[in-house]
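# An overview of the molecular structure
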Amino acid sequence: MAIKVLYFAGLREALGTSGETMELPVGITTVGDLRTLIAARGGKWAEQLAPTRNVRMAVIQLMVPAHAPVKDGDEVAFFPPVTGG
Amino acid sequence: MPVRVQSEDFDLTREVAQLRAAQGPRAAQIGGIATFIGTVRDINDGSGVSSMTLEHYPGMTEKALEDIVTQARGRWDIFDALVIHRVGTLHPQDQIVLVVTLGAHRGEAFAACEFIMDYLKTQAPFWKKEATPAGERWVEARASDDTAAAKWGTAASNDATKS
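What comes next concerns the included structure. (Residues numbered from 1 in each chain as written. Chains lettered and ligands numbered in written order. Predicted model: local features only at pLDDT ≥ 70, side-chain atom pairs only at ≥ 80, totals over all residues. Heavy atoms only, no water.)

## Here's the deal with the overall build of chain A
Counting its secondary structure elements, chain A contains three helices and five strands. In terms of overall size, chain A behaves like a compact globule, its C-alpha atoms giving a radius of gyration of 12 Å where 85 residues would be expected to give roughly 12 Å. Projected onto the principal axes, the alpha-carbon positions of chain A cover approximately 35 × 30 × 20 Å. Classification of the 85 residues of chain A by burial places 52% in the buried group. Counting 8 positive and 8 negative side-chain charges, chain A places the centres of these two groups 6 Å from one another. (Helix = DSSP H or I, 4+ residues; strand = E, 2+ residues; numbered from the N terminus. Rg over C-alpha atoms; globule rule 2.2 N^0.38 Å. Buried < 20%, exposed > 50% of the residue type's maximum accessible area, 1.4 Å probe, protein only. Lys, Arg positive; Asp, Glu negative; His and termini not counted. Charge placed at Lys NZ, Arg CZ, Asp CG, Glu CD.)

## Describing the interface of chain A and chain B
It is common to report an interface's size as the accessible area lost on association of the parts. Taken together, the contact pairs 22 residues of chain A with 30 residues of chain B. A per-residue breakdown of the area chain A buries against chain B is headed by A:Gln61, A:Thr83 and A:Gly85, which together make up 34% of the total. In this structure, the connection of chain A to chain B is made through two salt bridges. Ionic pairing is found between B:Glu55 and A:Arg12, a salt bridge with its closest N-O pair at 2.4 Å. (Contact = heavy atoms within 4.5 Å. Buried area = accessible area lost by both parts, 1.4 Å probe. Salt bridge = Lys/Arg side-chain N within 4 Å of Asp/Glu carboxyl O.)

## Side note on the sheet that holds strand E2 (residues 32-39) of chain B
Residues and elements named next belong to chain B. If you walk across this open sheet you meet the four strands as E1-E6-E8-E2, and the pairing is mixed. Strand pairing shows two members of the sheet lacking a second neighbour, strand E1 (3-6) and E2, which therefore form its edges. Taken over all neighbouring pairs, the strand axes of this sheet differ in orientation by 10° on average, direction set aside. Taken together, the eight bridges between E2 and strand E8 (residues 95-103) define a ladder with antiparallel strand orientation. Paired with phenylalanine 36 across the two strands is valine 99, which belongs to E8. Sitting on the sheet, helix H1 (residues 12-21) is in contact with E1, E2, strand E6 (78-86) and E8, with an inclination near 30° to E8. Sitting on the sheet, helix H3 (residues 106-123) touches E2, E6 and E8, and the angle it makes with E8 is about 145°. (Pairing = 2+ DSSP bridges. Axes fitted to C-alpha atoms, helices over the stretch in contact; angles between N-to-C directions.)

## Things to note about the side chain of B:Gln6
Residues and elements named next belong to chain B. Assignment of secondary structure puts glutamine 6 in strand E1. For glutamine 6, a relative accessible area of 11% gives the class buried. Only 3.1 Å separates the side chain of glutamine 6 from the side chain of arginine 4, close enough to count as a polar contact. At 3.1 Å, the side chain of glutamine 6 forms a polar contact with the backbone oxygen of glutamate 8. If near-sequence neighbours (up to four positions away) are discounted, glutamine 6 is found in contact with Ile84, His85, Arg86 and Val87. (Polar contact = N/O pair within 3.5 Å; in protein donor to acceptor, adjacent residues only side chain to side chain.)

## Concerning the packing of helix H2 (residues 60-75) of chain B against H3(B)
Residue and element names in this part refer to chain B. Interhelical geometry of H2 versus H3 gives an angle of 145° and a closest axis separation of 10 Å. Considering only the axes of H2 and H3, their crossing is right-handed. Contacts from Ala64, Leu65, Ile68, Val69, Gln71, Ala72 and Arg75 in H2 reach Ala112, Phe115, Ile116, Tyr119, Leu120 and Gln123 in H3. Among the residues forming the contact of H2 with H3, the class breakdown is ten nonpolar, two polar and one charged. (Left-handed = near helix turned anticlockwise from the far one by under 90°. Nonpolar A, V, L, I, M, F, W, Y, C, P; charged D, E, K, R; others polar.)

## Regarding the side chain of B:Gln23
Residue and element names in this part refer to chain B. Tracing the backbone through its elements, the reader meets glutamine 23 in the loop between H1 and E2. Taking relative accessible area as the criterion, glutamine 23 reaches 7% and is therefore assigned buried. A polar contact is formed between the side chain of glutamine 23 and the side chain of aspartate 80, at a distance of 3.0 Å.

## Thoughts on the environment of B:Val3
All names here are of chain B. Counting through the fold element by element, valine 3 comes out in strand E1. The sequence separation of valine 3 and lysine 151 amounts to 148 residues, and the corresponding C-alpha distance is 24 Å. For valine 3, the residues in contact, after removing those within four places along its chain, are Glu62, Leu65, Glu66, Val69 and Val83.

## Concerning the environment of B:Lys121
Counting through the fold element by element, B:Lys121 comes out in helix H3. Given a relative accessible area of 22%, B:Lys121 falls into the partly exposed group. In this structure, the C-alpha to C-alpha distance between B:Lys121 and B:Arg14, residues 107 residues apart in sequence, is 25 Å. Aside from chain neighbours lying at most four places away, what touches B:Lys121 is A:Val82, A:Gly84, A:Gly85, B:Lys128, B:Asp145 and B:Asn158. In this structure the side chain of B:Lys121 is engaged in a polar contact, spanning 3.4 Å, whose partner is the backbone oxygen of A:Gly84.

By themselves, these are just geometric observations and shouldn't be taken as functional.
Put into structure tokens, the structure is as follows:
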């Protein structure tokens, strides 16, 4: 099993991708863990997903805090604060 | 509880008529209809805006809007509500968003309409990119929108930093 990770808006542009499929490593249990894991790639990933950056997170299309659980098969998304309306 | 995300424009009169007709016989109990239309301005943060492109998260956006309408119906005794939000490229004076609420009286209709807009601004995954003379830029979330959502008494922060 794998998870699908999506990026939107300014984050999608800065990372140069709208998403990826990845294996969920053992020990990664929350969406905050996943963010830290992806940021550890360095470069633009580290810059865009740094703890100081204002990034919102969704798991299975529901906005969640960093401590929300992630499991195999989930769709996870990272994006900037929303600006609709 | 209709919720639509579309690139096409909408017609207020037609949408209100359809929503009222969909209520069947109880349409006769409606005494107050509140409507809100958000439109594109030609200026933002001191720069001229020639066009705006709206991005969304297909699937999640519709779910978020449905959830917001469900919350509104749980708080106020309204018969129904409609939310239409456009995506794609829009120009100044274009319509962006429509909210319609049907109540027995004006109080619940006004309140539910305002609540839906305040929550939509901070909870529904849409992002605006503006074209200005200096180039394109993503619109930053406003702390004032967080404040507006917070007045309804639940945690709905968008973690916005811009005042």
